[in-house]
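Structural overview
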Amino acid sequence: MKTVLSFIDWYLPGYRAGGTLKAFANQVSHFNQDYRFKIITRDTDYMETVPYNNVVSNQWNKIGDNIEVFYASADNINYGFLNKLVSETEFDSVYIHGIYSLWFSIMPIRWAKKFKAKKIVIAAHGMLGAHAFSVKSKKKKLFARLTKILGFYNNVFFHAANRAEAQDVRKAIGNSAKIIVAEEMPMNMVLDEWKPRKKEAGLLTMATVARIAPEKNTLYGLECLLHCTEGEITYNMYGPVYEEEYWKQCQEVIKSIPPNVTVNYMGSLPGDEVLGMLQQQHLMFLPTTGENFGHTILESFMAATPVLISDQTPWKDLNTRGIGWELSLNNKKLFAKKIMALAQMKQPEFDNLSKNSLSFANDFIHDETIKLQNDQLFNYE
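The paragraphs below set out a description of the structure included in this document. The numbering scheme is per chain: residues are counted from 1 as the chain's sequence reads. Confidence filtering applies because this is a predicted model: local features only for residues at pLDDT of at least 70, side-chain atom pairs given and counted only at 80 or more, and all residues used for totals across whole chains, interfaces and linings. Side-chain descriptors were evaluated using all non-hydrogen atoms of the structure, hydrogens and water having been removed beforehand.

Topic: the overall build of the chain
The test is simple: Labels follow the DSSP assignment, with helices taken as runs of H or I lasting at least four residues and strands as runs of E lasting at least two, numbered in each case from the N terminus. Two things to know: the radius of gyration comes from C-alpha atoms, and the globule rule equals 2.2 Å times the number of residues to the power 0.38. We call a residue buried when its accessible area falls under 20% of the maximum for its residue type, exposed when it is over 50%, and partly exposed in between, using a 1.4 Å probe and counting protein chains only. Pairs of residues are marked as contacts when any of their non-hydrogen atoms sit within 4.5 Å. His residues and chain termini do not enter the charge count, which takes Lys and Arg as positive and Asp and Glu as negative. Think of each charge as sitting on NZ of Lys, CZ of Arg, CG of Asp or CD of Glu.
Across its full length, the chain carries 14 helices and 14 strands. Taking 2.2 N^0.38 as the reference for a compact globule, 381 residues should give roughly 21 Å; the C-alpha atoms of the chain span a radius of gyration of 21 Å, in line with that estimate. Its C-alpha atoms put the chain at 60 × 45 × 45 Å along the principal axes. The buried share of the chain, taken over its 381 residues, is 56%. For the chain, the proportion of contacts with a sequence separation of at least 24, taken over those separated by at least 6, is 73%. Averaging the coordinates of the 42 positive side-chain charges in the chain and doing the same for the 40 negative ones gives two points 7 Å apart.

Concerning the environment of L82
Residue position: L82 is located in helix α2 (residues 79–87). Sequence-wise, L82 and H366 are 284 residues apart; in three dimensions their C-alpha atoms are separated by 38 Å. Discounting residues that sit within four places of it in the chain, L82 has contacts with I40, N76, I77, W103 and W111.

A few points about the packing of aromatic side chains
The line we're drawing: Under the pairing criterion, centres of Phe, Tyr and Trp rings, with the six-membered ring standing for Trp, must be within 6.5 Å; the plane angle then separates stacked pairs below 30 degrees from edge-to-face pairs above 60, leaving the rest tilted.
Within this structure, the stated rule accounts for 29 aromatic pairs. Look at F301 and W315: their rings are 5.9 Å apart centre to centre, the planes differ by 70 degrees, and that puts the pair in the edge-to-face class. Highlighted residues: F301 in helix α10 (residues 295–302) and W315 in the loop between β13 (307–310) and α11 (318–321), separated in sequence by 14 residues. Across the pair, exposure class does not vary: F301 and W315 are buried alike. Taking 5.2 Å as the distance between ring centres and 75 degrees as the angle between the ring planes, the aromatic pair formed by F301 and F360 counts as edge-to-face.

Comments concerning the pairing of strand β12 (residues 283–286)
The condition is simple: For two strands to be treated as a pair, DSSP must find at least two bridges joining them. Look down the strands so they point away from you; if the path from the first strand over the helix to the second goes clockwise, the crossover is right-handed.
Alternating residues of β12 divide into L283 and F285 and M284 and L286, and every residue in both groups is buried. Pairing analysis gives two bridges linking strand β9 (residues 203–209) to β12, with the strands arranged parallel. By the bridge assignment for β12, A207 is matched with M284. Across three bridges, β12 lies against β13 in parallel orientation. Looking at the pairing, F285 lines up with L308 of β13. A crossover links β12 with its parallel partner β13, the connecting element being α10, and its sense is right-handed.

Considerations on the nonpolar core
Quick reminder of the rule: We define a nonpolar core as any set of buried Ala, Val, Leu, Ile, Met, Phe, Trp, Tyr and Cys residues linked to one another through side-chain atoms lying within 4.5 Å.
Formed by 55 residues in total, the largest nonpolar core has its most connected members in F37, I39, F301 and W315. Core analysis: the second largest hydrophobic core is formed by 35 residues, I122, F158, A160 and A172 among them.

Let's talk about the environment of D34
Residue placement: D34 occurs in the loop between α1 (19–31) and β2 (36–42). The exposure class of D34 is partly exposed, given its relative accessible area of 38%. Distance in space between the C-alpha atoms of D34 and L82 is 27 Å, their sequence separation being 48 residues. Setting aside residues no more than four positions away along its own chain, D34 makes contact with M1 and K371.

Considerations on the side chain of T305
Note the threshold: In protein, a polar contact means a hydrogen-donor-capable atom and an acceptor-capable atom, both N or O and within 3.5 Å, with residues adjacent in sequence counting only if both atoms are side-chain atoms; elsewhere, any N or O pair within 3.5 Å suffices.
Looking at the element boundaries, T305 is found in the loop between α10 and β13. A polar contact of 3.4 Å, which involves the side chain of T305, links it to the backbone oxygen of A303. Contacts of T305, omitting those with residues within four sequence positions, involve R197, L278, Q279, Q281, H282, L283, M284, S300 and S357.

Some details on the pattern of salt bridges
For the record, the criterion: Salt bridge, as applied in this entry: a Lys or Arg side-chain nitrogen positioned within 4 Å of an Asp or Glu carboxyl oxygen.
Tallying each qualifying case throughout the model produces twelve salt bridges. Residue E252 is joined to K255 by a salt bridge in which the shortest nitrogen-to-oxygen separation is 3.0 Å. Residue E252 and its partner K255 are located together in helix α8 (residues 244–256), separated by three residues, close to a single helical turn. On the basis of relative accessible area, E252 is assigned to the partly exposed category, the value being 47%.

Set out below in structure tokens:
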């Protein structure tokens, strides 16, 4: 059985890092009978300093069939310790998550080459997209130029979740970039049968599960609610605050939202509780500036909950499928109009949206071609 050595800043039991963590955890759950995974990560969750209380730091933890995780403490995240750890670890290929992390994205490429990995794959996770480059753009563009000049990514493959992300990789890295296109994998699970949830005309409960950050367009979403003057609307926001100053701007907008709209900031939600929470909502709202996949969007469908998102994700033709809407970010009032229309929606029409969403999710998660695509990432023959 081939061994895949992986580097990722945050892994299970963490959950605050969102899509990157979910994407890899889903892959591992689908492939742990086909490959042996050794994962090197931090012993803390995203934006946390207290180590997990259910793992042993600085040693390999067996967490499942053919899955071992090394949770490095902060004082051991340095060149000497990690270089020694990699040198003592047997592996065939290396799978790296992210682009800009010094110890979990950049240095692992050097170690993979130094210790003769048979294949090196980098999952960009949307970090080379235009929406990602809009944050700290000067540093990121300089980094991209330097990697081209130094040939840093020579003989390395990139994992792109779709053709659009493949184009982003070529634009950032160069036309010679080696790319494997493989859709990100859903949770490895059997979905519950559809069950109705109460939907009264005039009432709407919706939620967002995303970090409070510019690239997730949190502020924009709240500004849309300024135009929601009809219906009794409850908006529950789940996710860590990434930038305090940005969150302060959001809080100022919340003060001006009409009284018929209630906004609740709920903090971070453990990953294993997201599906259950979404099953209690009428809508998942995410006017993001860009996603290479959008795991929360798929999870919403899995929860039989329609979505209202921007057109900057791979999820298209939602209205035609009867599972939601993707709208241009040029018109906040149009987002508000859709929210108010859904608030007024009656039970039969909402039931159709909900049933369609679950049916779509079932078709997606049972698509065997997705696993075949992902197998290309780990198979070097």
